[in-house]
Amino acid sequence: MWSRLVSLGLRAPVGGRQGFTSKVDPQGSGRITAQVIEHLERLALVDFGSREAVARLEKAVAFADRLRAVDTDGVEPMESVLEDRCLYLRSDNVVEGNCADELLQNSHRVVEEYFVAPPGNISLPKLDEQEPFPHS
Amino acid sequence: MLGRTLREVSAALKQGQITPTELCQKCLSLIKKTKFLNAYITVSEEVALKQAEESEKRYKNGQSLGDLDGIPVAVKDNFSTSGIETTCASNMLKGYIPPYNATVVQKLLDQGALLMGKTNLDEFAMGSGSTDGVFGPVKNPWSYSKQYREKRKQNLHSKNEDSDWLITGGSSGGSAAAVSAFTCYAALGSDTGGSTRNPAAHCGLVGFKPSYGLVSRHGLIPLVNSMDVPGILTRCVDDAAIVLGALAGPDPKDSTTVHDPINKPFMLPSLADVSKLCIGIPKEYLVPELSSEVRSLWSKAADLFESEGAKVLEVSLPHTSYSIVCYHVLCTSEVASNMARFDGLQYGHRCDIDVSTEAMYAATRREGFNDVVRGRILSGNFFLLKENYENYFVKAQKVRRLIANDFVNAFNSGVDVLLTPTTLSEAVPYLEFIKEDNRTRSAQDDIFTQAVNMAGLPAVSIPVALSNQGLPIGLQFIGRAFCDQQLLTVAKWFEKQVQFPVIQLQELMDDCSAVLENEKLASVSLKQ
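Here we summarise the structure given alongside this text.

### Here we look at the overall build of chain A
Piece 1. From N to C terminus, chain A includes five helices and two strands.
Piece 2. Start at the N end of chain A and walk to the C end: the helices and strands fall as α-α-α-α-α-β-β.
Piece 3. Carbon and sulfur atoms make up 51% of the accessible area of chain A, which totals about 9,400 Å².

Structure representation (structure tokens):
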């Protein structure tokens, strides 16, 4: 799967970033290698854009490393402060909707009732870390 | 009139001393005069005047909707407002007009409040200075106050007064500046790591963060779903309670709101029996970076409670030093997920590239987001990588539980309310603030405020006194979960004791028809 990725968009001229990744010092902090950078940019669909950005990530990671000092044996991860409560479920009745026109108005490219996207011939399934876009 | 409390103005409206339209126009003209503060991104003049007209009709017919009817308010620009541009101070959403109102906005409108406009913020509410939005930084009204200017003349001979203006704090800086400069009576902010309390402290306001689950987040463009709450900025605690009374309550559109019967109207008792209180002082919050002035005010506040008979205990929140790190990891991770929805397809900015979906998304996001947002997305994605997930994200979730437990333990030891500083020091000049990058500043400035978001507790920043430079310093009270009313009651008592001075902005107000402190109103009868 990754070899398919490498042949894609990242090497394509998407703005002036060509050759940036090759300039990165592979020693760096040891963890933010060129490979990691490419991988992150592919996942986030956001590019670093500059060496400062990579340096900032390195600092952020170094900052986060401080967590290692905490003893969390036997501690359960906490996802929500309301974990002890039951989630309220409303009854399964349609109470609103039929607002296609309003929703379509906010998009730049629309044809009839469709949002228009560029060709999806690079049609990979969405990667784990990215959620499908929710309807409002 | 503009310097009055909500309840006083409401009474004046009922008695016909002033009409909603007059009030609205006064605020609008003041907004124009204070444009240089850059507090507002969008001023919804027509909407406000129309609402004022309707409010006037209601008052004429004796059918006012309540204390908020006809009251000018402002809303931070990351709350969706139907028909009014909502940008989150980002290129990504410039020109975006939501088709619906956020629940909290709808609630305010249902109570008849007048929406003055959308206020400025850090881009997507990421930051602690309100300096990183695409519409420019927000200036702290206290930079132009008599109190600050007089002190400066004593200390500096510089004539160039405007280059040294101060930040408001963030990220709800626009809301804070709007309320502090009297352009509205209350403003909505959002609080994820202190974004309401931080600017409140720097601008001399009451900044209230409700318990997580008390107020609906529907329509608040999310940053960190497990920590965000809408926040309230007002000039006094009573006003905050009135607004909270209007906003609190379950919402079927937000499944993280709590459905327990906690929605009684928030009428604060006017006297708290202080001798029954137990105040906790977390010792780990006494950090070396804390300015001596804040430290001394903190200590005086503790002494004040003690002198009135309250018990004042030192408590320990042992994981405090890790909480900012934990917050950093969880925040960036959730941000990485929440920002994934901005791809240019259904709303927001869209670039011109049409080569492929991925290329279009990537370019749209590069053009739409600034460095701060991109940096957090990338950091978040790093922590969520398969090889890092356990060591960073899950680890941070575990540390979060430890932090939340710290608070539970502190409250279980008999403490009712914790007292801490809100910020390390008073507001700093913008030129000073930008010397460090956003992430560093956030890590420094959020230190006292973010642990509260991780535990989901209510907290409020109360302005206490002016620093030696004539700038506001605030202190923070933290309460137990869903004991917001008790927290506000204590805060109200404290506010009365400290009598924080009103900001003196006469130079701005000179040709405004209402002069603040010297105005003698015909006696307004307030029925409690």
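### Observations regarding the overall build of chain B
Piece 1. Assigned secondary structure in chain B consists of 18 helices and eleven strands.
Piece 2. Relative to the 2.2 N^0.38 estimate, which gives 24 Å for 528 residues, the radius of gyration of chain B is 22 Å and therefore close to what a compact globule would have.
Piece 3. Principal-axis analysis of the C-alpha atoms gives chain B an extent of 70 × 60 × 55 Å.
Piece 4. Sorting the 528 residues of chain B into buried and exposed places 65% on the buried side.
Piece 5. For chain B, the proportion of contacts with a sequence separation of at least 24, taken over those separated by at least 6, is 79%.

### Overview of the interface of chain B and chain A
Piece 1. Listed as interface residues are 74 residues of chain B and, on the opposing side, 65 residues of chain A.
Piece 2. Arg109 of chain A is the partner of Asp354 of chain B in a salt bridge, and the nearest nitrogen-oxygen pair spans 2.8 Å.
Piece 3. Joining chain B to chain A, the criterion identifies 21 residue pairs in polar contact (both at pLDDT 80 or more).
Piece 4. For the side of chain B that touches chain A, the element with the most residues is helix α13 (residues 386–412) of chain B, which contributes twelve residues.
Piece 5. In terms of residue class, the side of chain B that touches chain A is made up of 39 nonpolar, 17 polar and 18 charged.

### Considerations on the nonpolar core
Piece 1. Met116, Phe124, Phe305, Phe382, Phe407, Leu419 and Phe477 of chain B are the most contacted members of the largest nonpolar core, which totals 191 residues.
Piece 2. Phe305 of chain B has contacts with Val274, Leu277, Ile279, Ala310, Val312, Leu419, Phe477, Val490, Trp493 and Phe494 of chain B, leaving out every residue within four places of it along the chain.
Piece 3. Core analysis: the second largest hydrophobic core is formed by seven residues, Leu45 of chain A together with Leu345, Met360 and Tyr361 of chain B among them.

### Considerations on the packing of aromatic side chains
Residues and elements named next belong to chain B.
Piece 1. Enumeration over the complete set of coordinates arrives at 17 aromatic pairs over all chains.
Piece 2. Ring centres of Trp142 and Phe500 lie 5.9 Å apart, and the angle between their planes is 55°; this geometry places the pair in the tilted category. Of this pair, Trp142 sits in the loop between β3 (114–119) and α5 (146–155) while Phe500 sits in the loop between α17 (484–498) and α18 (506–509), and the two are 358 residues apart along the sequence.
Piece 3. Owing to a relative accessible area of 1%, Trp142 belongs among the buried residues under this scheme.
Piece 4. Overall, the relative accessible area of 18% leaves Phe500 in the buried class.
Piece 5. Their ring planes at 40° and their centres at 5.2 Å tell us that Tyr389 and Phe393 sit as a pair that is tilted. Taken as a pair, Tyr389 and Phe393 lie in helix α13 at a separation of four residues, close to a single helical turn.
Piece 6. Owing to a relative accessible area of 36%, Tyr389 belongs among the partly exposed residues under this scheme.

### Considering unusual backbone geometry
Residues and elements named next belong to chain B.
Piece 1. Geometrically, the link from Gly170 to Ser171 is a cis peptide bond, its omega value of 10° lying close to zero.
Piece 2. Unlike most non-glycine residues, Phe124 shows phi in positive territory, near 55°.
Piece 3. Structurally, Phe124 can be placed in the loop between β3 and α5.
Piece 4. According to the relative accessible area criterion, Phe124 is buried, its value standing at 3%.

### Section: helix α12 (residues 371–384) of chain B
Residue and element names in this part refer to chain B.
Piece 1. Counted at 1.5 Å a residue, the expected span for α12 with its 14 residues is 20 Å, and the 20 Å between its end C-alpha atoms agrees.
Piece 2. By the criterion of burial, α12 is predominantly enclosed, with twelve of the 14 residues buried.
Piece 3. Considered for burial, the residues of α12 that qualify are Val372, Val373, Arg374, Arg376, Ile377, Leu378, Ser379, Gly380, Asn381, Phe382, Phe383 and Leu384.
Piece 4. A side-chain oxygen of the first residue of α12 lies 3.2 Å from the backbone nitrogen of Val372; this N-cap is Asn370.

### Quick notes on the sheet that holds strand β1 (residues 40–43) of chain B
All names here are of chain B.
Piece 1. A sheet is described by the order of its strands in space; here eleven strands give the open sequence β1-β3-β2-β4-β6-β5-β10-β11-β9-β7-β8, paired in mixed fashion. With partners counted over all chains shown, the strands left at the sheet margins are β1 and β8 (311–315), one partner each. Ignoring strand direction, the axes of neighbouring strands in this sheet form an average angle of 30°.
Piece 2. Pairing geometry for strand β5 (residues 206–209) and strand β6 (residues 229–234), over three bridges, is antiparallel. Counterpart to Gly207 in the pairing with β6 is Leu233.
Piece 3. Helix α3 (residues 45–60) rests against β1 and β3 of the sheet, and its axis sits at about 160° to β3.

### Structural notes on the side chain of Ser44 of chain B
Piece 1. You can see Ser44 of chain B is positioned in the loop between β1 and α3.
Piece 2. Excluding residues within four positions of it along the chain, Ser44 of chain B makes contact with Ile84, Leu115, Met116 and Gly117 of chain B.

### As for the environment of Ala362 of chain B
All names here are of chain B.
Piece 1. Among the secondary structure elements, Ala362 is positioned in helix α11 (residues 357–368).
Piece 2. Residue classification places Ala362 among the buried residues on the basis of a relative accessible area of 17%.
Piece 3. Along the chain, Ala362 and Cys351 lie eleven residues apart, while their C-alpha atoms are 9.2 Å from each other.

Cut-off values and rules
- Residues numbered from 1 in each chain as written.
- Chains lettered and ligands numbered in written order.
- Predicted model: local features only at pLDDT ≥ 70, side-chain atom pairs only at ≥ 80, totals over all residues.
- Heavy atoms only, no water.
- Helix = DSSP H or I, 4+ residues; strand = E, 2+ residues; numbered from the N terminus.
- Areas by Shrake-Rupley, 256 points an atom, 1.4 Å probe, with all protein chains shown as cover.
- Rg over C-alpha atoms; globule rule 2.2 N^0.38 Å.
- Buried < 20%, exposed > 50% of the residue type's maximum accessible area, 1.4 Å probe, protein only.
- Contact = heavy atoms within 4.5 Å.
- Salt bridge = Lys/Arg side-chain N within 4 Å of Asp/Glu carboxyl O.
- Polar contact = N/O pair within 3.5 Å; in protein donor to acceptor, adjacent residues only side chain to side chain.
- Nonpolar A, V, L, I, M, F, W, Y, C, P; charged D, E, K, R; others polar.
- Core = buried A, V, L, I, M, F, W, Y, C linked by side-chain atoms within 4.5 Å.
- Phe/Tyr/Trp six-rings, centres within 6.5 Å; stacked < 30°, edge-to-face > 60°.
- Expected span 1.5 Å × (residues − 1).
- Pairing = 2+ DSSP bridges.
- Axes fitted to C-alpha atoms, helices over the stretch in contact; angles between N-to-C directions.

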